[in-house]
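Take a look at the letters that make up each chain.
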Amino acid sequence: MRRRVSIGTAVAVTIVCVVFGGAFAFQRELIYLPEGGPLPGAADVLPGGRDVTLTTSDGLHLASWYFPVVSAKAAVLVAPGNAGNRSYRAPLAGALTARGLSVLLVDYRGYGGNPGDPSEDGLALDVRAAQEFLAREAGAPLVYFGESLGSAVVAELAVERPPSALVLRSPFVDLASVGQRHYPFLPVRWLLRDEFPTRGDVARVEAPVTVVFGSADSVVPAEQSREVARAASATVVEVPGADHNDPAFSDGPELIDAIVNGSGAPPQ
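The present account deals with the structure reproduced in this document.

What counts, and where the lines are drawn
- Starting from 1, residues in each chain are numbered consecutively following that chain's sequence as written.
- Local features in this predicted model are restricted to residues whose pLDDT is 70 or higher, and side-chain atom pairs enter the listing and the counts only when it is 80 or higher, whereas totals over whole chains, interfaces and linings include all residues.
- Each side-chain value is worked out from all heavy atoms of the structure, with water and hydrogens disregarded.
- Strands here are runs of E lasting at least two residues and helices are runs of H or I lasting at least four, both read from the DSSP assignment and numbered beginning at the N terminus.
- Residues count as neighbours in contact if any of their non-hydrogen atoms are within 4.5 Å of one another.
- For Phe, Tyr and Trp, rings pair up if their centres lie within 6.5 Å, where Trp contributes its six-membered ring, and each pair is then called stacked (planes under 30 degrees apart), edge-to-face (over 60) or tilted (otherwise).
- Using a 1.4 Å probe on the protein chains alone, a residue whose accessible area is under 20% of its type maximum counts as buried, one over 50% counts as exposed, and one in between counts as partly exposed.
- Salt bridge, as used here: a side-chain nitrogen of Lys or Arg that lies within 4 Å of a carboxyl oxygen of Asp or Glu.
- Axes here refer to lines fitted to C-alpha atoms; in helices the fit is confined to the stretch in contact. Angles between the N-to-C directions go from 0 to 180 degrees.
- Roughly parallel means an angle under 35 degrees; roughly antiparallel, over 145; roughly perpendicular, 65 to 115; everything else is oblique.
- Left-handed describes a crossing in which the near helix is turned anticlockwise from the far one by less than a right angle; the clockwise case is right-handed.
- Note on residue classes: Ala, Val, Leu, Ile, Met, Phe, Trp, Tyr, Cys and Pro are nonpolar, Asp, Glu, Lys and Arg are charged, and everything else, Gly too, is polar.
- Here the nonpolar core consists of buried residues drawn from Ala, Val, Leu, Ile, Met, Phe, Trp, Tyr and Cys, with membership extended through side-chain atoms lying within 4.5 Å.

Tallying secondary structure elements over the protein chain gives 12 helices and 10 strands in all. Long-range pairs, those at least 24 residues apart, make up 71% of the contacts in the protein chain with a sequence separation of at least 6.

Structure follows, in structure tokens:
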């Protein structure tokens, strides 16, 4: 009987170690869901669009799209979420340029055919390269816009390099908090290598902050976005009934108005 118990315990421990070890080893494949190319040229997406290459401090060359507007009221750095590529954000760029804002659609390392593998440290370098590009090229106040995971990326950037405004869409408290919701059977906070502490970062941001989220978000609970907003003393835009990937967060009026109003551009 003791031998059977020992064998059973050993098997259970082995299974737990395999599950936890696999979760640790492959966690970034679960967090980052990039899509490659080929992608069209920026001018084929919107008239006047430019294909640009951002050079990071660790030597990567990242393809991105820049949509400049003459006499732009502001320039928006778009930090995307964890999935897809910049083509998914084309409707957002179209809606913002129509309101007089220049837009830079960034693809992180590993996304949209770009070299490299995504990580928290890597994405921080990517948006710094994007910010440096806009600071040189735009000739207008800079607005950082982050969606979901991108909210954490630009919140961290905003602490070091303050924008004129920060707009966060569906932000989470930190990566472990949202990960625990989706993997309740794992000790997520112990396993994660990337932290993305959005709430802690926004509390140190000096620029005006706007937080936009859906009341029915099934990926990032609405209460987490509210916590981020409270930490930043942010303006809150809650979209009733909207889920995480609903069209409202592609180019819906609530989102576009939030970015335009956050930029200080006059409403149209």
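Under the definition given, this model contains 3 aromatic pairs. Measuring from ring centre to ring centre gives 6.3 Å for Trp-65 and Phe-67, while their planes differ by 70°; the resulting arrangement is edge-to-face. Here the two residues Trp-65 and Phe-67 agree in accessibility, since each one is buried. Judged by centre distance (5.2 Å) and plane angle (85°), the rings of Tyr-66 and Phe-133 are edge-to-face. Of this pair, Tyr-66 sits in strand β3 (residues 61–67) while Phe-133 is found in helix α5 (residues 120–137), placing the two residues 67 residues apart along the sequence. For Tyr-66, a relative accessible area of 2% corresponds to the buried category.

Our next topic: the pattern of salt bridges. Within this structure, the stated rule accounts for 16 salt bridges. Note that Arg-99 and Asp-257 form a salt bridge whose closest N and O atoms lie 3.1 Å from each other. Taken together, the residues Arg-99 in the loop between α4 (90–97) and β6 (101–105) and Asp-257 in helix α12 (residues 253–263) connect sequence positions 158 residues apart. Its relative accessible area of 32% is what places Asp-257 among the partly exposed residues.

When two helices pack together, their arrangement is captured by the angle between the axes and the distance separating the axes. Where α4 meets α12, the closest approach of the two axes is 10 Å, and the angle between their N-to-C directions is 55°. The orientation of α4 with respect to α12, classified from their angle, is oblique. The handedness of the crossing between α4 and α12 is right-handed. Within the contact between the two elements, α4 uses Leu-92, Ala-95 and Leu-96 and α12 uses Leu-255, Ile-256, Ile-259 and Val-260. By residue class, the composition of the contact of α4 with α12 is 7 nonpolar, no polar and no charged.

The next subject is the side chain of Asp-126. With respect to the helices and strands, Asp-126 occurs in helix α5. Among residues more than four places away in sequence, those in contact with Asp-126 are Thr-56, Leu-62, Tyr-108 and Arg-109.

This brings us to the packing of α5 against helix α6 (residues 149–160). Running from N to C, α5 and α6 cross one another at 65°; their axes reach a closest spacing of 10 Å. By crossing handedness, the relation of α5 to α6 is classed as right-handed. Packed against α5, whose contacting residues are Leu-123, Ala-124, Val-127, Arg-128 and Gln-131, the element α6 presents Leu-149, Val-153, Glu-156, Leu-157 and Glu-160 at the interface. Classifying every residue of the contact of α5 with α6 by side-chain character gives 6 nonpolar, 1 polar and 3 charged.

This brings us to the nonpolar core. Counting residues in each nonpolar core, the largest one holds 48 residues, and the members touching the most others are Leu-77, Leu-134 and Phe-196. A per-element tally of this core places α6 first, with 7 residues. Ignoring sequence-local partners within four residues, the contact set of Leu-77 consists of Leu-104, Val-106, Val-127, Ala-130, Gln-131, Leu-134, Val-143, Tyr-144, Phe-145, Val-154 and Leu-157. If you look at the next biggest cluster of nonpolar residues, it comprises 28 residues, including Phe-67, Ala-93, Val-239 and Ala-242.

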